[in-house]
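Okay, here's what each chain looks like letter by letter:
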Amino acid sequence: MKSVALITEYNPFHNGHQYHVQKSKKLTKSDISIAIMSGQFMMRGTPALFNKFQRAQMAVSEVDLVVELPLLGSLSSSDTFAEMGIKVADYLDAHTLCFGSESGNIDALKKVAHQLIDIEQRPDFKTLLKEGKSYARIISEQTHETLLKHPNNTLGISYIKQLIQLQSSIEPYTIPRIHTHHHQQGLNHTSFASGSAIRKNIAKGQEDWKKMVPRENHKLFINPFNNTERLYQMIKLSILQRSDTELQHIYTMTEGFQNRLQYVLRSSTHYDSLMQLLKTKRYTYTHIQRLLMNILLNFKYSDADKTIQGIRILAMSNKGRRYLKTLKERHPNRQFVTNVNKQNAHLFRHEIKATHIYNLLSESTQDDFNTPVFIK
């Protein structure tokens, strides 16, 4: 069975994602679609709108196999997010990878990926990073490639870079985004909208989102997380109870930023004010949000292990179930876990902790031990 991997967040799953799955299978001539999905926390540095079990169940309305992206991928910038996604795809023997992009031209994206690899290998690149220049600024100064001005192109290029650097046999494909842009806020189209527009509509208690989401999934759009005050209080507690040395060891923390955190915390009154006070020219909102999630989860540099020890299966169709069976027969020593228990919990300790903390934020009761794989 030929398979296509889709590295996703599905926050939440909507018609654009359904279109992506259908087009990806057709373009790659694949029998099986595999969604490698972020868990309880998103790459943009926020808790998921719906928990990973709900979102996996939404996704399996169209996808054959839904697995969890390791927490490290979800709490990192695009290159590490892509690296962890590709490693999971390789572990699952995916034949192809298909992603959405503004360009829709895989050859053009491959060309830029090779350019970036060349830039990153130049002697002055690491020097400029150590001097405090951001990755994005260095790249923009060394290339004026217009493809990098669009977020989905940039992420797609990261996937291609990782495929090259990991010497993966997976073949990349891309399909163009249609009707909406990544950050578009309005629900102007009859059936397509960006995830951010849908989240905003749900947060307002409105129901326009229903026309943007597969009808069979409407019943799963319950108890969305929208409690930024609770999030702020838990982040504040997490910072206050840690020493300077402890904060220095938090993943993505840079030298001296822990002092800014502790100072700013005294004058902030809510989550938005904390973000505004922390923002600098050097650090984007997304970077700061991810750092705050790392503090909340006490995720340290020593926890950032990039090896794949096992895969957590969240949901599958009957076709996905058959594919998983062939994987187990082909790789008897690999860990494909459908039910977490005391014997295998060590493989997913960071993801399990993330679920417990997400549940404190959202008052959800589903966790990795009481929620087995969902089979459609």
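Residues numbered from 1 in each chain as written. Predicted model: local features only at pLDDT ≥ 70, side-chain atom pairs only at ≥ 80, totals over all residues. Heavy atoms only, no water.

(A) Focus on the side chain of Ser61. Summarising the element assignment, Ser61 is placed in the loop between helix H2 (52–59) and strand S3 (65–68). Classification of Ser61 by relative accessible area gives buried; the value is 12%. For Ser61, the side chain forms a polar contact with the side chain of Asn217, separated by 3.3 Å. Setting aside residues no more than four positions away along its own chain, Ser61 makes contact with Phe13, Glu216, Asn217 and Lys376. (Helix = DSSP H or I, 4+ residues; strand = E, 2+ residues; numbered from the N terminus. Buried < 20%, exposed > 50% of the residue type's maximum accessible area, 1.4 Å probe, protein only. Polar contact = N/O pair within 3.5 Å; in protein donor to acceptor, adjacent residues only side chain to side chain. Contact = heavy atoms within 4.5 Å.)

(B) Just the pairing of strand S6 (residues 311–316), in detail. Of all 6 residues making up S6, 6 are buried, and the element is well covered by its neighbours. Judged from the 3 bridges that link them, S3 and S6 form a sheet pairing that is antiparallel. Bridging across to S6, Leu65 finds its partner in Met316. Direction of pairing for S6 relative to strand S8 (residues 374–375): parallel, over a ladder of 2 bridges. In the sheet register, Met316 faces S8, and the bridge partner there is Ile375. (Pairing = 2+ DSSP bridges.)

(C) Quick look at H2. Most of H2 sits inside the fold, with 7 of its 8 residues counted as buried. Those residues of H2 that fall on the buried side of the exposure criterion are Lys52, Phe53, Gln54, Arg55, Ala56, Met58 and Ala59. Packed against the buried residues of H2 are strand S2 (32–37), S3, S6 and helix H16 (349–362). The backbone nitrogen of Phe53 has a side-chain oxygen 2.9 Å away, supplied by the residue at the start of H2, namely Asn51.

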